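# A look at the structure
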Amino acid sequence: MPGKNAKAESDGFSAEERAAMKERAAELRAEGRRGAKKADELQALLDSVAKMAPDDRVLAEHVHLTVTATAPDLSPKTWYGMPAYTNADGKVVVFFQNSGKFNYRYSTLGFQDAANLDDGDLWPVSYALQKWSVVVEKKVGELVKAAVS
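## Observations regarding the overall build of the protein chain
- Scanning the protein chain from N- to C-terminus turns up five helices and five strands.
- Reading the secondary structure of the protein chain in the N-to-C direction produces α-α-α-α-β-β-β-β-β-α.
- By residue count, 42% of the 149 residues in the protein chain fall in the buried class.
- A sequence separation of at least 24 residues applies to 45% of the contacts in the protein chain between residues at least 6 apart.
- When the accessible surface of the protein chain is summed, it comes to about 8,800 Å², and 51% of that surface belongs to carbon and sulfur atoms.

Following this line, the structure appears as structure tokens:
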């Protein structure tokens, strides 16, 4: 998990994490057509994250690590050029919108209607993200876990 590696905490993905993601993409491509599509979608997500401003990139990388660790059944892809994660039906469950996308003062973690966050007649589906911390990581993990439950 993020946070155990000081380098990852300050700079985003460590060299080991980047290598592991490249290995996973190669494994997916080796699975054939469907695996190649997943690998291409993962690569597109990683490329979109790499283009972000440093502060946004660190947040996006931590979101990616947390989502994929908490909900490994979600598939990474880009959605309107932003990192997103889809369920088995191909519906976006959760996405990350970097602050630079629309010149906002904060990045956003958002959930689509495929997320199971319902709580009565009113519930939040979008959260502002400014800095990553252990508390933020825990909350994001809880939200993603609920969203896929």
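## A few points about the side chain of histidine 64
- As for its position among the elements, histidine 64 is in helix α4 (residues 54–70).
- What makes histidine 64 buried here is its relative accessible area of 4%.

## Considering the packing of α4 against helix α5 (residues 134–147)
- Interhelical geometry of α4 versus α5 gives an angle of 45° and a closest axis separation of 9 Å. One element, α4, and the other, α5, form an angle in the oblique class. Along this stretch, α4 crosses α5, giving a crossing that reads as right-handed. Residues Thr66, Val67 and Thr70 of α4 pack against Glu137, Val140, Gly141, Val144 and Lys145 of α5.

## Topic: the side chain of threonine 108
- Along the chain, the position of threonine 108 falls in strand β4 (residues 107–111).
- Those residues in contact with threonine 108, other than ones at most four positions away along the chain, are Phe95, Phe96, Gln97, Ser126 and Tyr127.

## Focus: the nonpolar core
- Counting residues in hydrophobic clusters, the biggest one holds 31 residues, and the most contacted among them are Val63, Val67, Leu74, Val94, Phe96, Leu109 and Phe111.
- Among the elements of the structure, α2 (15–30), α3 (33–50), α4, β3 (92–97), β4 and α5 are those that each provide at least two residues to this core.

## Considering the sheet that holds β4
- Taken in spatial order, the five strands line up as β1-β2-β3-β4-β5 in an open sheet, and their pairing is antiparallel. Each of the sheet's edge strands pairs with one partner strand only, and the pair in question is β1 (75–79) and β5 (126–129). The average angle at which neighbouring strand axes cross in this sheet is 20°, direction not considered.
- In this structure, strand β2 (residues 82–86) lies alongside β3, joined through three bridges in antiparallel fashion. Bridging from a neighbouring strand, alanine 84 pairs with phenylalanine 95 of β3.

## Brief notes about α4
- In this model, α4 (17 residues) spans 24 Å end to end at C-alpha, consistent with the 24 Å of a helix rising 1.5 Å per residue.
- Those residues of α4 lying buried are Asp56, Val58, Leu59, Ala60, Glu61, His62, Val63, His64, Leu65, Thr66 and Val67.

## Regarding the pairing of β1
- Two strands pair when backbone bridges link them, and β1 and β2 are joined in this way by five bridges, in the antiparallel orientation. Counterpart to lysine 77 in the pairing with β2 is alanine 84.
- Once β1 ends, the chain turns through two residues before running back antiparallel as β2, passing tyrosine 80 with a positive phi of about 55°.

## Re unusual backbone geometry
- You will see that tyrosine 80, though not glycine, has its phi angle at about 55°, which is positive.
- For tyrosine 80, the location among the structural elements is in the loop between β1 and β2.
- When its relative accessible area of 64% is taken as the criterion, tyrosine 80 is described as exposed.
- In this structure, asparagine 103 takes a positive phi of about 55° despite not being glycine.
- Within the fold, asparagine 103 resides in the loop between β3 and β4.
- Residue classification places asparagine 103 among the exposed residues on the basis of a relative accessible area of 70%.

Rules of the game
- Residues numbered from 1 in each chain as written.
- Predicted model: local features only at pLDDT ≥ 70, side-chain atom pairs only at ≥ 80, totals over all residues.
- Heavy atoms only, no water.
- Helix = DSSP H or I, 4+ residues; strand = E, 2+ residues; numbered from the N terminus.
- Buried < 20%, exposed > 50% of the residue type's maximum accessible area, 1.4 Å probe, protein only.
- Contact = heavy atoms within 4.5 Å.
- Areas by Shrake-Rupley, 256 points an atom, 1.4 Å probe, with all protein chains shown as cover.
- Axes fitted to C-alpha atoms, helices over the stretch in contact; angles between N-to-C directions.
- Parallel < 35°, antiparallel > 145°, perpendicular 65-115°, else oblique.
- Left-handed = near helix turned anticlockwise from the far one by under 90°.
- Core = buried A, V, L, I, M, F, W, Y, C linked by side-chain atoms within 4.5 Å.
- Pairing = 2+ DSSP bridges.
- Expected span 1.5 Å × (residues − 1).

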